Amino acid sequence: MLDTCVKYNFKIIIGLFVVLYAIITLLFFNFYRELALKDAKQEAIFVLDTMNAIRDYVSVVQRPLIEELKEKNMLVHDFFDPKLVSSSYITREIYNIQRAKKVVNYDYKLIAYNPLNPAHEGNDFEHEILDDFKEGKYQEYSKIIQENDKPYFFVGLPIHNSHASCVQCHTSNSAPKRM
């Protein structure tokens, strides 16, 4: 009888160790998963903030300089070259250079309602995020999403076109002819 009791207690102890091991493993997995997501989010936000800073530079520095050169008749009045004036073109090209050099391994996309450039048309999910940004629900958005049966970590930041030079090209009536 004593021999059976010891065997029985030993099985309980082994079972408890297995359960405890599983719980600890799960806790470690969740901890490191959350840490990895936090790091990925911080890196993505840094990249997106950098792209937004480039867009701001184009709006605040380059476009006003182009307009000044037009006023001084150093450039033709209807001058438009996306390589100098379009912040979305410039940020896309910087992304392409970084991608070609394998500096980054992410997808970068600008989304807008009724964009002049069809490449900036969003899907239903992206438009929902735009709506939420517009309503002020959050300052940044991140979530693991499924696309083509693969999980992706999606991070989004709003772009604020608060610069007067931005509005000039973002309506079909006032957009430069060469655009």
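Preceding this paragraph is the structure being described.
Our subject in this report is the structure included herewith. Not measured: the values here are computed from a predicted model.

Here we come to the nonpolar core. Judged by nonpolar contacts, the single largest core of 14 residues is most densely connected at Leu48, Met51, Tyr95, Tyr106 and Tyr108. Counting residues per element, the ones that place at least two in this core are helix H1 (2–71) and helix H3 (87–100). Here this core takes six residues from H1, the largest share from any one element. Every residue in contact with Leu48, bar those within four places of it in the chain, is listed here: Tyr108, Val155, Gly156 and Leu157.

With that settled, the discussion passes to the pattern of salt bridges. Side-chain pairing between opposite charges can occur once the charged atoms of the two side chains come close. Counting across every chain of the model gives eight salt bridges. The residue Glu34 makes a salt bridge to Arg33 at a minimum N-O spacing of 3.5 Å. The salt bridge involving Lys41 is made with Glu140; its shortest N-O contact spans 3.0 Å. Of this pair, Lys41 sits in helix H1 while Glu140 is found in the loop between helix H4 (124–134) and strand E1 (141–147), placing the two residues 99 residues apart along the sequence. Salt bridges sharing partners connect three or more residues here, namely Asp132, Glu135 and Lys137.

Across its 14 residues, H3 extends 20 Å between first and last C-alpha, which sits within 8% of the 20 Å expected from 1.5 Å per residue. Inspection of H3 places Ser87, Ser88, Ile90, Thr91 and Tyr95 among the buried residues, and these make up the whole buried set. Here the buried residues of H3 occupy an arc of 165° about the axis, which is enough to place them on one side. Phi turns positive one or two residues past the end of H3, at Lys102, with a value near 60°.

Criteria and cut-off values
Residues numbered from 1 in each chain as written. Predicted model: local features only at pLDDT ≥ 70, side-chain atom pairs only at ≥ 80, totals over all residues. Heavy atoms only, no water. Core = buried A, V, L, I, M, F, W, Y, C linked by side-chain atoms within 4.5 Å. Buried < 20%, exposed > 50% of the residue type's maximum accessible area, 1.4 Å probe, protein only. Helix = DSSP H or I, 4+ residues; strand = E, 2+ residues; numbered from the N terminus. Contact = heavy atoms within 4.5 Å. Salt bridge = Lys/Arg side-chain N within 4 Å of Asp/Glu carboxyl O. Expected span 1.5 Å × (residues − 1). Arc of directions from axis to C-beta.

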